[in-house]
Amino acid sequence: MTVQTALERFIRYAKIDTQSDENSQTYPSTAKQFDLLRLLVGELKELGLRDVTIDEHGYVMATLPSNLPAGHPARAKVPRIGFVAHVDTSPSASGKDVRPQVITYTGGDVVLPANPSVVIRASENPELKNNIGKTIVTADGTTLLGADDKAGVAIIMTALQNLLGNPSLLHGDVRVAFTPDEEIGAGTKYFDLKIFGTDFAYTVDGDTPGELNKETFSANQAVITVHGRNIHPGSAKDIMVNSLRAMADIIVRMPKDIAPETTEGYEPYIHPHVLHGEEAESTLKILLRDFNTPGLEVLKKRLEAIVAEVQALHPRTRIELKIIEQYRNMKDYMGKDTRVLDCMWEATKRAGLDPVWKPIRGGTDGSRLTEKGLPTPNIFTGGQNYHGPTEWLSVWGMDKAVETVTHLAQLWVEKS
Ligand SMILES: [Zn+2]
């Protein structure tokens, strides 16, 4: 087994196109994700992991068995922990022919070579200043980089190699899972918690070094449908009921101070994001987001009030409001055992960073796994600017994540 750095692994994975596709009817959504998933099966076996499996859906799992000696006080008690990363990249930018640029960052803006109009600006990237004199990786300006989440894959693989190569680093059973289709919201669709078989898990899918995530939004989708009546405009007098006119009155009433573009931190929002319509019927999809789950009910009431007001203005239309549950704040389901959070905090400190808890204004695969009973907070990777051509990766940050994961496996032994 040749020892490899996280950077060497990352470059290899980044060159493999694994873009997922939200319009696909198959699972995984694109067959090319198997290219990386199957490569990982081979690499996990080569590293010496046990029970390396890939199922029909593409989920790759493997075990690093406990190396605790007989008689060690934690041997019977240490929980099984898992690390999870996704192999797919976002449909919002091309992931084909990614050409990673490994550069020493010397300050200022970074102009990408194949498209000089794509610039990673120092003014928009406060993390750059922590990387002066260090190595960063960018794409060439024509694609995304795919640090989201191939950095997470490289971090987990490298931490496994550290643990396997240093028997003095004591750990319990560690499971790993590499998953497809996270970027289209389906990363845990067929994730078998029984087969994974861990008590706690961590996704390695964050960004800024030191930032840890134990809270996500709670999320519902609202769908407003306006039913009207269509007829040829030439004979429409007193007959046509144009749903678009009522829909316009609805949209204009959406609160502008509770919108994604005007809020941050723990603030909730109502976000109208997809509109379809013609005279007979129009529909509006709206994202409702709040860290406080009961707050979703308050957002729903705002929509009900808007619908009632507009219904009165357009009595010949019929307006429906439907709420679809999406995901829940992982904090609601994290459970009583605080070790899952304490260990990641302490591991980050041992890696020499100042940890901070950062609420995620979105969901993660961990939101759904946590809700299903597997507490799964999220660890940073060192990547930035996900889902677009200015994505970049701090190699220093990635190496800190490798240290954090390596410490984390050992900390569970100490805390058991
Ligand atoms: Zn991700």
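Predicted model, so just to flag it, every value in this text is computed and none were measured.

Help me understand the overall build of the protein chain, please; the structure alone is not making it clear to me.
Helix and strand counts for the protein chain stand at nine helices and 18 strands. With respect to the three principal axes, the spread of C-alpha positions in the protein chain is 85 × 50 × 40 Å. Here the protein chain holds 416 residues, and the buried ones make up 53% of them. For the protein chain, the accessible surface area stands at approximately 18,000 Å², while carbon and sulfur atoms represent 50% of it. Averaging the locations of the 45 positively and 54 negatively charged side chains of the protein chain gives two centres separated by 3 Å.

It is not clear to me how the coordination of the zinc ion should be interpreted in this structure. Could you clarify?
Put simply, the ideal angle at a metal is 109.5 degrees for four donors in tetrahedral geometry and 90 or 180 degrees for six donors in octahedral geometry. Protein coordination at the zinc ion: the donors are H86 (NE2), D148 (OD), D205 (OD) and D205 (OD), at 1.9 to 2.6 Å from the metal. Here the zinc ion binds four donor atoms, and the angle range of 53 to 147° at the metal identifies the geometry as irregular. Of note, the donors binding the zinc ion are all from one chain and are spaced H-x61-D-x56-D. One end of the pair, H86, is in strand 3 (residues 81-86); the other, D205, is in the loop between strand 9 (200-204) and strand 10 (211-213), and 119 residues separate them in sequence. There is no split in this pair, since H86 and D205 are both buried.

Is there a simple way to think about the pattern of salt bridges in this case?
Two side chains with opposite charge may pair up if their charged atoms get near one another. Under the criterion given, the structure shown has 18 salt bridges. When salt bridges that share partners are traced, they join E297, K300 and E304 into one network.

Help me understand the environment of A6, please; the structure alone is not making it clear to me.
The topology assignment puts A6 in helix 1 (residues 6-14). Residue class for A6 comes out buried when judged on its relative accessible area of 1%.

In this structure, what is going on with the sheet that holds strand 2 (residues 60-64)? I would like to understand it.
The sheet built from eight strands is open, its strands ordered 1-2-8-3-9-16-10-15 with mixed pairing. Because the sheet does not close on itself, it has two edges, and the strands there are strand 1 (50-54) and strand 15 (356-357). Note that strand 9 and strand 16 (residues 378-379) share two bridges and pair parallel. Across the sheet, residue V204 finds its bridge partner in strand 16, namely I379.

Can you help me understand the environment of K96 in this one?
Residue placement: K96 occurs in the loop between strand 3 and strand 4 (101-104). Each C-alpha atom, one on K96 and one on Q19, is 7.9 Å from the other, the two residues being 77 residues apart in sequence. Residues within four places of K96 in sequence aside, it is in contact with D17 and T143. At a separation of 3.4 Å, a polar atom in the side chain of K96 contacts the side chain of D97.

How should helix 3 (residues 147-165) be read in this particular structure?
An α-helical segment advances 3.6 residues per turn. Residues three or four places apart therefore align on the same side. For helix 3, spanning 19 residues, the distance from its first C-alpha to its last is 25 Å, which sits close to the expected 27 Å at 1.5 Å a residue. Of all 19 residues making up helix 3, 16 are buried, and the element is well covered by its neighbours.

For this particular structure, what's the right way to read the pairing of strand 2?
Consecutive side chains along a regular strand alternate between the two faces of the sheet. A large share of strand 2 lies buried, amounting to five of its five residues. Of the two faces of strand 2, the one lined by V60, A62 and L64 and the one lined by M61 and T63 are each fully buried. Note: strand 1 against strand 2, three bridges, orientation antiparallel. Considered in strand 2, the bridge of I54 is made with V60. Counting the residues that bridge the hairpin from strand 1 to strand 2 gives five residues, and of these G58 lies at a positive phi of roughly 105°. For strand 2 and strand 8 (residues 174-179), the ladder comprises five bridges, and the chain directions are antiparallel. For T63, the partnering residue across the bridge sits in strand 8 and is R175.

Teacher, can you tell me more about the packing of aromatic side chains here?
Note on aromatic pairs: each is described by the distance of the centres and the angle between the planes. One pass over the structure, following the stated rule, counts ten aromatic pairs. With a centroid separation of 5.8 Å and 90° between ring planes, the pair formed by Y59 and F191 is classed as edge-to-face. Note that Y59 is positioned in the loop between strand 1 and strand 2 and F191 in the loop between strand 8 and helix 4 (193-196), a separation of 132 residues in sequence. Linked through ring pairs, Y27, Y59, Y190, F191 and F196 together constitute an aromatic cluster. Cation over ring: K134 sits above W396, and NZ or CZ is 4.5 Å from the ring centre.

Definitions and cut-offs
- Residues numbered from 1 in each chain as written.
- Predicted model: local features only at pLDDT ≥ 70, side-chain atom pairs only at ≥ 80, totals over all residues.
- Heavy atoms only, no water.
- Helix = DSSP H or I, 4+ residues; strand = E, 2+ residues; numbered from the N terminus.
- Buried < 20%, exposed > 50% of the residue type's maximum accessible area, 1.4 Å probe, protein only.
- Areas by Shrake-Rupley, 256 points an atom, 1.4 Å probe, with all protein chains shown as cover.
- Lys, Arg positive; Asp, Glu negative; His and termini not counted.
- Charge placed at Lys NZ, Arg CZ, Asp CG, Glu CD.
- Donors = N, O, S within 2.8 Å, 3.2 Å for Na, K, Ca; no water.
- Tetrahedral: all angles 85-135°; square planar, octahedral: opposite > 155°, others 65-115°.
- Salt bridge = Lys/Arg side-chain N within 4 Å of Asp/Glu carboxyl O.
- Pairing = 2+ DSSP bridges.
- Contact = heavy atoms within 4.5 Å.
- Polar contact = N/O pair within 3.5 Å; in protein donor to acceptor, adjacent residues only side chain to side chain.
- Expected span 1.5 Å × (residues − 1).
- Phe/Tyr/Trp six-rings, centres within 6.5 Å; stacked < 30°, edge-to-face > 60°.
- Lys NZ or Arg CZ within 6 Å of the ring centre and 35° of its normal.

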